[in-house]
Structures are given as structure tokens and as C-alpha cells.
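# Summary of the model geometry
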Amino acid sequence: MKIKSAEFVMSNSDVAKCPKSRLPEYAFIGRSNVGKSSLINMLTSRKSLAKTSGRPGKTQLINHFLINKNWHLVDLPGYGYARVSKSSKKVFQKFITQYFGLREQLVTAFVLVDIRHEPQPIDLEFMQWLGENSIPFSIIFTKADKLKPKAIENHVENYKAVLLETWEDMPNYFITSSSKDIGKDDVLEYIDGLNNNMDISAN
């Protein structure tokens, strides 16, 4: 898939105010500081479509971007560490769960995981929640440029071993690096394949 256009649509914390169109949506979510904004900018070939920040937890709203005029990329707030109040965190968590529970346009979620780290309980718990709520998702391992190929392989195998303790099958996954454009085509081709299975021209 070639990204011909990518434009910001809206930001809000009220799921009911999300775009009314029936265009398919792909939601990106992960722990704060996992490299989500950089990944979105890489995928769309736009340097500043999603705002990057040195301060983790900067994304605090549901952000919709219209891609190629026929699907939405959704940038969701990071879960876990963020320099915000506990009350704000509760609000974030509430509209994240509401988004996944109410958005019929959602095709699949992409859960971002920093490949350098051991499986984190908060990531595993979130994936478990998605599974229990029958929400399809793929894992996107980020920051692969920080590791050597053998280390990448070992980290992925370790992640598989941990997940397969509770999952029957390993979820679909991608290995990416925003700084090296690694995995860009794989993720976009996957989205394109899902779009092709739907008549998105009718939306």
C-alpha cells in the first residue's frame, strides 16, 4: 500500500464524538514511550503527523487520522506510566475501554511493545483483556534497530514462550524500527489486505 494522503481529523475523549463514517479503523496503542508517534509517522511517511515528545504519556486523547481517504488510523493514549494525575489516568483508561467496546468500525488493534524489554505484566494484561473481549489485535515490536538480529530473535521467542502459557496461538506480530523503516511495508500490506476483504468504497 502506498500512502498518498494522511490528514488529521479530530481529537477527543468522548467515543460518541468519534467520526460517524463507516470507514474501517486501525487502532495503535501501547505503553507510554514505546515509540508510537514515531511509528505512525513512519507508516504514513509524514514526519510530524503524530506529535512526538520527550515526555512519555503525551498522547492524552483519541486521535483520528484519515489515510488515503478510505480508512482511519487511530492513535490512542498510552497506558502505564505517564506524568499525569491518577484521576486523569482513570479517565484515559475509561475512554480507551469505551473505544474498544463501542467502535463498530474497528477492524483490529496494534499493540506496541518495545522489543528490548522482557514481557511486561501491563502489556500482557492488556492483551489478555483484548482477548477476553474478542477484540482482534496484532503485536508490533518497536525499536528493533537497538538490537542485533540474534537478540531480536531471542526476545521474540521469549515473548512467544510467555504468551503461549495462556494463549493457544501466538498473536500475529511485526518487527519494526521507525528510524530504519523496518517493518513499514509489512504492516501496511497487512492493513491493505484487511481493507481489500471489505468493500471500503461503499463507506
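Look up: the structure comes first, before these words.
Right, let's walk through the structure included here. Source: prediction; values computed, not measured. (Residues numbered from 1 in each chain as written. Predicted model: local features only at pLDDT ≥ 70, side-chain atom pairs only at ≥ 80, totals over all residues. Heavy atoms only, no water.)

### Considering the side chain of S138
By the secondary structure assignment, S138 is in strand β6 (residues 137–142). Polar contacts involving the side chain of S138 include one to the side chain of N172, which spans 3.0 Å. Those residues within four positions of S138 in sequence are excluded, and the remaining contacts are T108, A109, F110, V111, N172, F174 and Y190. (Helix = DSSP H or I, 4+ residues; strand = E, 2+ residues; numbered from the N terminus. Polar contact = N/O pair within 3.5 Å; in protein donor to acceptor, adjacent residues only side chain to side chain. Contact = heavy atoms within 4.5 Å.)

### Considerations on the packing of aromatic side chains
Counting across every chain of the model gives 13 aromatic pairs. Ring centres 6.0 Å apart and planes at 15° place the aromatic pair F126 and W129 in the stacked group. Note that F126 and W129 are positioned in helix α3 (residues 121–132) at a spacing of three residues, about one turn of the helix. For W129, a relative accessible area of 24% translates into the label partly exposed. Within the aromatic cluster, the residues linked to one another by ring pairs are F28, F110, F174 and Y190. (Phe/Tyr/Trp six-rings, centres within 6.5 Å; stacked < 30°, edge-to-face > 60°. Buried < 20%, exposed > 50% of the residue type's maximum accessible area, 1.4 Å probe, protein only.)

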